[in-house]
Amino acid sequence: MFYIFNHHGHFAEKMSVEPPILPQGYFYLEDADDLGEYLFSDGKTVQAATTPPPSESHIIQDGKWVLPTEREAAILEESKAEKIISLNAAAQAFIDRAAGIDKIPGFEVQTWVIQASEAKAWAANKSAPTPILDQIAASRGVPATVLKEAALKKTIAYEQLTASITGQRQALQSKIESAKTKSALDKIKIEFKLPEAV
């Protein structure tokens, strides 16, 4: 029986005939049939374990999966990078839900910066031009002053929200980057809370 292994030395599949072509980095060894389901090879021999490998970086020694010392640091860094990606996605999703961004079209969200700028200018000077807010108010059929007051309130609330979540996200990222072990990294919970003012 021919056993095919990937570039990590982990078992991929077996064939009854010699494999004609293999993906780059793959290799095969011929051995007895029914060696087991969880196999590893160093390119010279085939070794078996009774449990699946915890990661692609584990190898089999004395029938058990072990992680080579030289791979521990690399795996920790890879896990940190993956957790930061998850952290960023969670932070963005939290903002989208809390601010209602997930309930309105993208083109409208793109006007928020302009609306915020006009609302702040109006708050500082009631004579400041606010063409976008005026048009929105007219199209909605509401008094422009009422809309500007609402836009100003939402602007302040959104800025407080994003500032708070930004700080929380940065604090979590610092914890992730400072983790010394995979176990410590796994214990870091990704969660956010609303600022009291919102």
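Keep in mind the model is a prediction, meaning the values are calculated, not measured.

Asker: Can you help me understand the overall build of the protein in this one?
Answerer: What the protein contains, in helices and strands, is six helices and seven strands. Along the chain direction, N to C, the helices and strands of the protein fall in the order β-β-β-β-β-β-β-α-α-α-α-α-α. Taken over C-alpha atoms, the radius of gyration comes to 29 Å for the protein, far larger than the 16 Å a tight globule of 198 residues would show. Overall size of the protein, expressed as C-alpha extent along the three principal axes, is 85 × 40 × 20 Å.

Asker: Hey, could you run me through the pattern of salt bridges in this one?
Answerer: Between side chains of opposite charge, a pair can form when the charged atoms approach closely. As enumerated under the stated definition, the model contains seven salt bridges in all. Glu159 is the salt-bridge partner of Lys120, the closest N and O atoms lying 2.4 Å from each other. Separated by 39 residues along the polypeptide, Lys120 in helix α3 (residues 112–124) and Glu159 in helix α5 (residues 144–178) bring together distant segments of the chain. Overall, Glu159 belongs to the partly exposed group, its relative accessible area being 36%.

Asker: How should I be thinking about the nonpolar core in this particular structure?
Answerer: Considering soluble globular proteins, one finds that nonpolar side chains tend to be buried as a cluster. In this structure, Ile165, Ile176, Leu185, Ile188 and Phe192 are the most contacted members of the largest nonpolar core, which totals 15 residues. Going through the elements one at a time, α1 (69–99) and α5 are the ones with two or more residues in this core. Examining the composition of this core, we find that six residues originate from one element, α1, more than from any other. Those residues within four positions of Ile165 in sequence are excluded, and the remaining contacts are Ala91, Phe94, Ile95, Phe192 and Lys193. Judged by nonpolar contacts, the second largest core, of six residues, contains Ala119, Leu133, Leu147 and Leu152.

Asker: Could you clarify how one ought to interpret the sheet that holds strand β2 (residues 11–15) in this entry?
Answerer: Think of a sheet as strands paired side by side through backbone hydrogen bonds, with each pair either parallel or antiparallel. Here we have three strands laid out as an open sheet, ordered β2-β1-β3, and antiparallel in their pairing. Each edge of the sheet is formed by a strand with only one pairing partner; in this case those strands are β2 and β3 (27–30). Taking each pair of neighbouring strands and ignoring which way they run, the sheet shows an average axis angle of 25°. Strand direction decides the pairing type here: strand β1 (residues 2–5) and β2, joined by four bridges, are antiparallel. Note that in β2 the partner of Phe5 across the bridge is Phe11.

Asker: Help me understand α5 in this model?
Answerer: Given 3.6 residues per turn, any residue in an α-helix points the same way as the ones three and four places further on. Here α5 spans 50 Å end to end across 35 residues, near enough to the 51 Å set by a 1.5 Å rise per residue. Residues of α5 that are buried: Leu147, Lys148, Ala151, Leu152, Thr155, Leu161, Ile165, Gln168, Arg169, Leu172, Gln173 and Ile176. In the core, the buried residues of α5 are packed alongside α1, α3, α4 (131–140) and α6 (182–186).

Asker: Is there a simple way to explain the layout of surface pockets in this structure?
Answerer: One simple way to see leftover space: roll a probe sized like a water molecule over the atoms. Quantified by volume, the largest pocket comes out at close to 710 Å³. It is α5 that provides the largest number of residues to the lining of the largest pocket, a total of nine residues.

Asker: I would appreciate a short explanation of the side chain of His10 in the present structure.
Answerer: Relative to the helices and strands, His10 is located in the loop between β1 and β2. Polar contacts involving the side chain of His10 include one to the main-chain carbonyl oxygen of His58, which spans 2.7 Å. With residues near it in sequence (within four places) discarded, His10 still touches Ile4, Phe5, Leu39, Phe40, Pro53, Ser55, Glu56, His58 and Trp65.

Asker: Could you clarify how one ought to interpret the packing of aromatic side chains in this entry?
Answerer: By convention here, two paired aromatic rings are described through the distance between centres and the angle between planes. On inspection of all chains with the given rule, the structure shows seven aromatic pairs. Measuring from ring centre to ring centre gives 6.2 Å for Phe5 and Phe11, while their planes differ by 65°; the resulting arrangement is edge-to-face. In this structure Phe5 comes out as buried when scored by relative accessible area, which is 0%. Following the ring pairs from residue to residue traces out a cluster consisting of Tyr3, Phe5, Phe11 and Phe27. Stacked on the ring of Trp122, the Lys or Arg Lys126 has its end atom at 4.6 Å from the ring centre.

Asker: What's the story with the environment of Gln168 in this structure? I'm lost.
Answerer: Within the secondary structure layout, Gln168 lies in helix α5. Taking C-alpha positions, Gln168 is 8.7 Å from Glu191, a pair spaced 23 residues apart along the chain. Excluding residues that lie within four positions of it along the chain, Gln168 makes contacts with Glu191, Phe192 and Lys193.

Reading guide: rules and limits
Residues numbered from 1 in each chain as written. Predicted model: local features only at pLDDT ≥ 70, side-chain atom pairs only at ≥ 80, totals over all residues. Heavy atoms only, no water. Helix = DSSP H or I, 4+ residues; strand = E, 2+ residues; numbered from the N terminus. Rg over C-alpha atoms; globule rule 2.2 N^0.38 Å. Salt bridge = Lys/Arg side-chain N within 4 Å of Asp/Glu carboxyl O. Buried < 20%, exposed > 50% of the residue type's maximum accessible area, 1.4 Å probe, protein only. Core = buried A, V, L, I, M, F, W, Y, C linked by side-chain atoms within 4.5 Å. Contact = heavy atoms within 4.5 Å. Pairing = 2+ DSSP bridges. Axes fitted to C-alpha atoms, helices over the stretch in contact; angles between N-to-C directions. Expected span 1.5 Å × (residues − 1). 1 Å grid on protein atoms, 1.4 Å probe; cavity = no way out; pocket = protein on both sides within 12 Å on 5 of 7 lines; lining within 4 Å. Points joined across faces, edges and corners; volume = space filled by probe spheres on them. Polar contact = N/O pair within 3.5 Å; in protein donor to acceptor, adjacent residues only side chain to side chain. Phe/Tyr/Trp six-rings, centres within 6.5 Å; stacked < 30°, edge-to-face > 60°. Lys NZ or Arg CZ within 6 Å of the ring centre and 35° of its normal.

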